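Remarks on the overall topology
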Amino acid sequence: MSTITESVTIEAPARATYEQWAAYESLPRFADGVINVEQRDDDVTHWTVSIAGVTREFDAQVLERIPGRRLAWRSLDGPQHAGAVEFEAIDDNTTRVTARMDLVPEGFAEMAADRLGVINVRVRRDLEQFKQYMEDGAGQTAAAARPEQWQEPPLQDTV
């Protein structure tokens, strides 16, 4: 099993970054390799992804949802993986986003991509593209349009 952890600091509120990430259907706009995501119910999504040139489909279940702070999931079928994305409010308009994934590469191409660090690079690039998407304003506009009621979590003291 491989573990990938990458972070990025985004000039956008924690609420907006969380809401945009939680809008799973929009992930293909900034995440390379994510071809399609369909929401099946409140906690299950169906994914079509391309990893090292290999297309895979799987269902994933949300295990934990803390609005504005954390989303955690695990695959139900297909490639074995689990992970979490955490949203840390640094101040009212700055958020540290950290993605952590545990995965078991399947097949020669995926194992080679994992060993060569290709998957790490992909996750890092996806976070950078998410940062660009949010800071250009598209993500914040989309997140603001979501009708869910949401309460801003309190900032944590970092002293």
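Quick notes on the rules
Residues numbered from 1 in each chain as written. Predicted model: local features only at pLDDT ≥ 70, side-chain atom pairs only at ≥ 80, totals over all residues. Heavy atoms only, no water. Pairing = 2+ DSSP bridges. Helix = DSSP H or I, 4+ residues; strand = E, 2+ residues; numbered from the N terminus. Axes fitted to C-alpha atoms, helices over the stretch in contact; angles between N-to-C directions. Salt bridge = Lys/Arg side-chain N within 4 Å of Asp/Glu carboxyl O. Buried < 20%, exposed > 50% of the residue type's maximum accessible area, 1.4 Å probe, protein only. Phe/Tyr/Trp six-rings, centres within 6.5 Å; stacked < 30°, edge-to-face > 60°.

Overall, antiparallel pairing links the seven strands, which are arranged β1-β7-β6-β5-β4-β3-β2 in an open sheet. Edge positions in the open sheet fall to β1 (2-10) and β2 (34-39), since each of these has one partner strand only. For this sheet, the mean angle separating the axes of adjacent strands, direction not counted, is 20°. Examined bridge by bridge, strand β3 (residues 44-51) and strand β4 (residues 54-66) share eight bridges and lie antiparallel to one another.

What follows concerns the pairing of β4. Strand direction decides the pairing type here: β4 and strand β5 (residues 70-75), joined by six bridges, are antiparallel. In the sheet register, Val62 faces β5, and the bridge partner there is Trp73. Hairpin connection between β4 and β5: a loop of three residues separates the two successive antiparallel strands, and Gly68 in this loop has a positive phi of roughly 80°.

This brings us to the environment of Gly53. Examined against the element boundaries, Gly53 turns out to sit in the loop between β3 and β4. Sequence separation between Gly53 and Gly33 is 20 residues; the distance between their C-alpha atoms is 8.8 Å.

The next subject is the pattern of salt bridges. Applying the stated rule across the entire model yields eight salt bridges. A salt bridge links Glu38 to Arg40, with the shortest nitrogen-to-oxygen separation between them at 3.6 Å. Of the residues examined, Arg40 reaches a relative accessible area of 46% and is grouped as partly exposed. Residue Arg70 is joined to Glu86 by a salt bridge in which the shortest nitrogen-to-oxygen separation is 2.5 Å. Remark: Glu86 occurs in strand β6 (residues 81-91) and Arg70 occurs in strand β5; sequence separation between them is 16 residues. Relative accessible area serves as the criterion here: at 23%, Arg70 is assigned to the partly exposed category. Assessed through its relative accessible area of 37%, Glu86 is described here as partly exposed.

With that out of the way, let us pick up the packing of aromatic side chains. For the coordinates displayed, the defined rule picks out six aromatic pairs. Arranged with centres 4.8 Å apart and planes meeting at 45°, the rings of Phe30 and Phe130 form a pair that is tilted. Residue Phe30 is located in the loop between α1 (14-22) and β2, and its partner Phe130 is located in helix α3 (residues 118-135); the two are separated by 100 residues in the primary sequence. Like Phe30, the residue Phe130 is buried in the burial classification. The interplanar angle of 40° and the centroid separation of 5.3 Å between the aromatic rings of Phe30 and Tyr133 together place this pair among those described as tilted. With Phe30 in the loop between α1 and β2 and Tyr133 in helix α3, this residue pair connects regions lying 103 residues apart in the sequence. Pair check on accessibility: Phe30 and Tyr133 agree, each one buried. Clustering of aromatic rings is evident, with ring pairs tying together Trp21, Phe30, Phe130 and Tyr133.

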